[in-house]
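A closer look at the structure
Residue-level listing of the chains:
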Amino acid sequence: MIDIGLTDEETQFRDSVRAFVDRSVVPNATRWDIAERYPRELFAQAGALGWLGVGFPEEVGGSGGGSVMSAILNAELTRGSAAIALGLYVHSTLATAAIYHLGCAEQKARYLPPALAGRKVGCWGYAEPGAGADISRVRTRARREGSEYVLSGAKIYITNATFADFMVIVAVTEPGQGLKGMSLFVVEPDMPGVAVGAPFRKLGMGASEMAEITFADTRVPQDNRLGPEHTGFIAALKVLSLGRVASAATAVGLGRAALEEALCYTSARMQGDKPITDHQFVRFTLADMATRIEAAWRLTLHAARQVDAGGEFDCAAAMAKLFATETCTHVCERALHLCGAQGYMRESNAQRFYRDCKVLELGEGTSEIQRETIFRHIGR
Ligand SMILES: Cc1cc2nc3c(=O)[nH]c(=O)nc-3n(C[C@H](O)[C@H](O)[C@H](O)COP(=O)(O)OP(=O)(O)OC[C@H]3O[C@@H](n4cnc5c(N)ncnc54)[C@H](O)[C@@H]3O)c2cc1C
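All values reported here derive from a predicted model rather than from experimental measurement.

Let's shift gears to the overall build of the protein. Scanning the protein from N- to C-terminus turns up twelve helices and ten strands. Counting only C-alpha atoms and orienting by the principal axes, one finds that the protein spans roughly 80 × 45 × 40 Å. Counting the 380 residues in the protein, one finds 49% classified as buried. Counting contacts in the protein only where the partners sit at least 6 residues apart, residues at least 24 apart contribute 75% of the total.

Below, the structure is given as structure tokens:
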């Protein structure tokens, strides 16, 4: 596929990521999926290649580039393995970005260099047993005592929790105020009272690891609070909105991988003396898949360019995320269908894509939350 709309610099960057992914991720993706363990060395490799610094300015040790570069990176990584991309994405686009956007100079100096180099890995925790799509239901409490906060509560389904070196945690600092009473904290796993559960077993994203984190009267220095008290989560909504563009790109990458898989299988698979692409149904299905993915990529690029231009991008990001993730689910289902029984086998790529895709509609705000956001912009 030709990437219409990319500059020469963006095309070169895409090609370099693609070459690495084809060489180092694609051949291992099935093995990592089945092992259900994240290859942690990839953080240091991605750091050395400057990929963890994409979207962060050079003054803080980043590689520069903006949302478009970040979208290209996410789409290419996901072509190789959605689970690998998810771990890098949570570390970079959520945990590290929260510190960059909301942290003070001292916090940035402490956490950004090792995070951007991939020596330390972050996780991002807002979901709780009682708080999912509705963020206002977060109940983890951060009670102030002198120069410290005492955290108690639990975060669930937290990607990278099993090996994270720093955790960006949403907690209630002023009960009864909803989103306006929440703050963000950087918690370290060796602080007393922090416990990380065993990795959850999941339908897809096998190689990514997620677990529950509990806080039993964990004392966190006030210096570890990101931004002013009570306003942290409102400020973090910007980080989440940026994450939606990256999430849309992830869905495009996975859709492209599924399309490639279906194209390979259907052009090689002979029934009688003809490849199955001789059937109009097969050709039309592939053409529809390609068209939807291309539309999703253009919405994603449009949102990313709006971010980079410094304009308002909430609605464009929500549209890109909604359309790209629902497209991805559709395309992965069609790819599995076209790959027949061979695609249904445990070691085939098609079944892995099919299992991996659904979560993209749930994370970073479910499709319903994106629709609510879009309606807020278009409604009268
Ligand atoms: C693989 C994976 C990785 C994850 N990683 C992380 C992570 O790193 N950090 C983290 O904090 N969380 C993570 N999560 C959790 C994720 O944030 C939540 O799954 C997501 O917020 C949705 O919450 P929920 O699953 O509790 O769904 P629920 O809130 O129980 O929602 C269930 C359904 O009801 C719908 N619904 C709920 N409320 C409304 C409403 N007001 N209007 C319309 N529809 C509604 C939802 O759209 C959804 O379809 C991860 C989840 C998965 C599966």
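With that settled, the discussion passes to the site of the ligand. Inspection of the region around the ligand gives 20 residues, with Ala 127, Gly 132, Ala 133, Thr 366 and Glu 368 positioned closest. Split into classes, the residues belonging to the shell around the ligand amount to twelve nonpolar, five polar and three charged. Here the shell around the ligand spans two domains, since at least three of its residues come from each of domain 2 (123-230) and domain 3 (233-378).

A few words now on the nonpolar core. Here is a general trend for soluble globular proteins: nonpolar side chains tend to be buried in one another's company. In terms of nonpolar packing, the biggest core is built from 120 residues, with Ala 98, Phe 185, Val 245 and Ala 335 touching the most fellow members. No other element matches helix α7 (residues 232-268), which puts 17 residues into this core. Residue contacts for Phe 185: discarding those within four places in its chain leaves Ala 142, Tyr 149, Leu 151, Ile 169, Ala 171, Val 220, Asn 224, Arg 225 and Leu 226.

Over its 14 residues, helix α4 (residues 67-80) extends 20 Å from the first C-alpha to the last, a length consistent with the 20 Å expected when each residue adds 1.5 Å. The buried fraction of α4 amounts to 14 of the 14 residues, a majority that puts the element mostly inside the structure.

This part takes up the packing of α7 against helix α9 (residues 314-338). Orientation of α7 relative to α9, taken along the N-to-C sense of each, is 20°, at an axis distance of 8 Å. It follows from the interaxial angle that α7 and α9 lie roughly parallel. Seen along the crossing, α7 lies across α9 with a hand that is left-handed. Of the residues contributing to the contact of α7 with α9, the split by class is 18 nonpolar, six polar and four charged.

Once that is clear, we can look at the environment of Met 270. As for its position among the elements, Met 270 is in strand β9 (residues 270-271). We classify Met 270 as exposed; it has 10 C-beta atoms within 10 Å. Sequence separation between Met 270 and Glu 312 is 42 residues, and the spatial gap between their C-alpha atoms is 51 Å.

On to the domain arrangement of the protein, then. Entries for the protein in the domain assignment read domain 1 (8-121), domain 2 (123-230) and domain 3 (233-378). Distance from the C-alpha centre of domain 2 to the C-alpha centre of domain 3: 30 Å. Classifying every residue of the side of domain 2 that touches domain 3 by side-chain character gives seven nonpolar, two polar and one charged.

Time to look at the packing of helix α1 (residues 8-25) against α4. Two numbers describe how α1 lies on α4: the axes approach to 9 Å, and their chain directions differ by 25°. For the element pair α1 / α4, the angle class is roughly parallel. The chirality of how α1 crosses α4 is right-handed. Of α4, the residues touching α1 (which contributes Glu 10, Phe 13, Arg 14, Val 17, Arg 18, Val 21 and Val 25) are Val 68, Met 69, Ile 72, Leu 73, Glu 76, Leu 77, Arg 79 and Gly 80. Along the lines of polarity and charge, the residues of the contact of α1 with α4 split into nine nonpolar, one polar and five charged.

Our next topic: the pairing of strand β4 (residues 166-172). Of all seven residues in β4, seven are buried; the element is thus mostly enclosed. Residues Phe 166, Val 168, Val 170 and Val 172 line one face of β4 and the alternating positions Met 167, Ile 169 and Ala 171 line the opposite face, and both faces are buried. Pairing geometry for strand β1 (residues 122-125) and β4, over four bridges, is parallel. Looking at the pairing, Gly 125 lines up with Ile 169 of β4.

We now examine the environment of Arg 269. Along the chain, Arg 269 turns up in the loop between α7 and β9. Taking the C-alpha atoms as reference, Arg 269 lies 32 Å from Leu 86; in sequence the two are 183 residues apart. Discounting chain neighbours no more than four positions away, the residues touching Arg 269 are Pro 275 and Ile 276.

Here helix α8 (residues 280-308) spans 42 Å end to end across 29 residues, near enough to the 42 Å set by a 1.5 Å rise per residue. Along α8, the positions that sit buried rather than exposed are Met 289, Arg 292, Ile 293, Ala 296, Trp 297, Leu 299, Thr 300, Leu 301, Ala 303, Ala 304 and Val 307. In this structure, the buried residues of α8 make contact with α4, α7 and α9. Just downstream of α8, Gly 310 is the residue with a positive phi angle, here 80°.

Quick notes on the rules
- Residues numbered from 1 in each chain as written.
- Predicted model: local features only at pLDDT ≥ 70, side-chain atom pairs only at ≥ 80, totals over all residues.
- Helix = DSSP H or I, 4+ residues; strand = E, 2+ residues; numbered from the N terminus.
- Buried ≥ 20, exposed ≤ 12 C-beta atoms within 10 Å, placed from the backbone.
- Contact = placed C-beta atoms within 7 Å.
- Near = placed C-beta within 6 Å.
- Nonpolar A, V, L, I, M, F, W, Y, C, P; charged D, E, K, R; others polar.
- Domains from an automatic or database assignment.
- Core = buried A, V, L, I, M, F, W, Y, C linked by C-beta atoms within 7 Å.
- Expected span 1.5 Å × (residues − 1).
- Axes fitted to C-alpha atoms, helices over the stretch in contact; angles between N-to-C directions.
- Parallel < 35°, antiparallel > 145°, perpendicular 65-115°, else oblique.
- Left-handed = near helix turned anticlockwise from the far one by under 90°.
- Pairing = 2+ DSSP bridges.

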